[in-house]
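Tertiary structure, described
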Amino acid sequence: MEELADRVNENPGLVRRGRFVSLEWLLQIGAEDHYLTIENGRLAAVTPGPVLMRSSRFTIHIEEDAWQRFCRPVPRPGYYDLFGMCKLGVARIDGDFHPLIANLRYFREMLAMARLETDEATHGS
Amino acid sequence: MVARLEEATGRYVNLMVQGRLYRIYFEEAGRGIPLLCLHTAGAEGSQYRHLLNDPDITRNYRVIAFDMPWHGKSLPPVGYHLEEYRLTTDLYVATIMAVCQELELEQPVIMGCSMGGRIVLQLALAHAPELRAVIGLESADHQEPWYDTDWLHLPDIHGGEVSAALVSGLVAPQSPDEYRWETLWGYQQGGPGVFKGDLHFYRADSDYRDRIGNIDTTQCPVYLLTGEYDYSCTPEDTLRTAARIKGAEATIMEGLGHFPMSEDPQQFRRYIIPILDKIRG
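Quantities reported herein were computed from a predicted structural model and do not represent experimental measurements. (Residues numbered from 1 in each chain as written. Chains lettered and ligands numbered in written order. Predicted model: local features only at pLDDT ≥ 70, side-chain atom pairs only at ≥ 80, totals over all residues. Heavy atoms only, no water.)

**Quick look at the sheet that holds strand β8 (residues 249-253) of chain B**
Residues and elements named next belong to chain B.
- Strand order across the open sheet formed by 8 strands is β1-β2-β4-β3-β5-β6-β7-β8, with mixed pairing between neighbours. Across the chains shown, the open sheet's two edge strands, defined by having one partner strand only, are β1 (9-17) and β8. Sheet twist, expressed as the average angle between the axes of neighbouring strands with direction ignored, equals 20 degrees.
- In terms of strand pairing, strand β7 (residues 222-227) meets β8 through 5 bridges, oriented parallel. Following the sheet pairing, Leu224 is matched in β8 by Ala250. (Pairing = 2+ DSSP bridges. Helix = DSSP H or I, 4+ residues; strand = E, 2+ residues; numbered from the N terminus. Axes fitted to C-alpha atoms, helices over the stretch in contact; angles between N-to-C directions.)

**Overview of the environment of Gly116 of chain B**
Residue and element names in this part refer to chain B.
- On the secondary structure map, Gly116 appears in helix α4 (residues 115-126).
- Exposure remark for Gly116: the relative accessible area of 0% places this residue in the buried category.
- Placed 146 residues apart in sequence, Gly116 and Ser262 show a C-alpha to C-alpha distance of 14 Å.
- In this view, Gly116 contacts Leu38, His39 and Tyr92; residues no more than four positions away in its chain are not counted. (Buried < 20%, exposed > 50% of the residue type's maximum accessible area, 1.4 Å probe, protein only. Contact = heavy atoms within 4.5 Å.)

**Some words on the confidence of the model for chain A**
- In this model, chain A carries a mean pLDDT of 93, and residues with pLDDT of at least 70 account for 94%.
- Predicted confidence for residues 121-125 of chain A stays below pLDDT 50, and this span has 6 contacts to residues more than four positions away or in other chains. (pLDDT = per-residue confidence, 0-100.)

**Observations concerning the packing of aromatic side chains**
- Scanning the entire structure with this criterion turns up 16 aromatic pairs over all chains.
- Centroid distance Trp67 of chain A to Phe70 of chain A: 5.6 Å. Interplanar angle 20 degrees. Geometry classified as stacked. One end of the pair is Trp67 of chain A and the other is Phe70 of chain A, both in helix α3 (residues 64-70) and 3 residues apart, which spans about a single turn. The pair formed by Trp67 of chain A and Phe70 of chain A is uniform in burial state, with each residue classed as buried.
- For the cation-ring pair, Arg23 of chain B lies above Tyr12 of chain B, with the distance from its terminal atom to the ring centre recorded as 3.7 Å. (Phe/Tyr/Trp six-rings, centres within 6.5 Å; stacked < 30°, edge-to-face > 60°. Lys NZ or Arg CZ within 6 Å of the ring centre and 35° of its normal.)

In structure tokens form, the structure reads like this:
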């Protein structure tokens, strides 16, 4: 997750696309919570959870196995996209959808930044 | 210096559909069997530009791709500003058949993708004697929705941006970036509420599960092709649909998503050319 912040912040195109986004959202991967603080498109902080009574605008839950599949360099069908995983029932979005949908390309590309560049296991998935 | 002109030419035709006049833009290339191509919801006929420029196809087929009214360079009807656009099965069929009639297409093959893949099933059912065959890309008699279309037309969310972002995950990861982003450009420039209006047809007025078993493929052959990465119209949706139509042929295409003809034209031609050769006989 620390690496995710670097990848986002070192991508000027992505930061520019998110320049109107300043909020905190929660990414739940399996049982792990990660609060992502966005400031004008920069991923300013990643705070591991759980944190008592902490607010977030929306939450994206992804099952651990689905997240591993999503992060492969070339994901198999069904695991390439957040909404595909929602349709499969292995991911879920809760909370205020408005900032997510209004900046959907930004958030999709932020998630894709977690994708691995190489993975020998890809062909066996 | 010689201009790098393509073989395809673009023209306009004015025609009546359900008592209203429409100015329709279409592109065509080639000679032979008419092959009328129907674009996806919220997009335009240029999705088929690679077929229009493929000599292996245009030497035997007259390929025609038109922009549906409200899309691309086709205008909405007079008075559009006073109404909400909502495509229906009846309006969609009437528009396609009016294009066939005005352009004097005899026994055309009709190929459509996504919502175009849905309507070719209805065409095979209701207009079989007038058609040589139908090809449904990303085609099914019904599919489960995966988002709320109200998000597509709001005053404080850019409709083109959100439409493109929503469908972007339907492009296969292997598809070349050049064509991925060209495909998404079609969505980014759509008119306000047009994608949503198309999806009215797709979601609310085209559940054909109770009727496609009546399609007679001896009169109008049915070919269905779906990309393995399409989670909107899934391979399972297509295979289930094909199983209900006696004589229909279904193919699942590797390394392709929801927009095979535009997202990876080289990969798509490996699948579509054998089908077109078979139809030609």
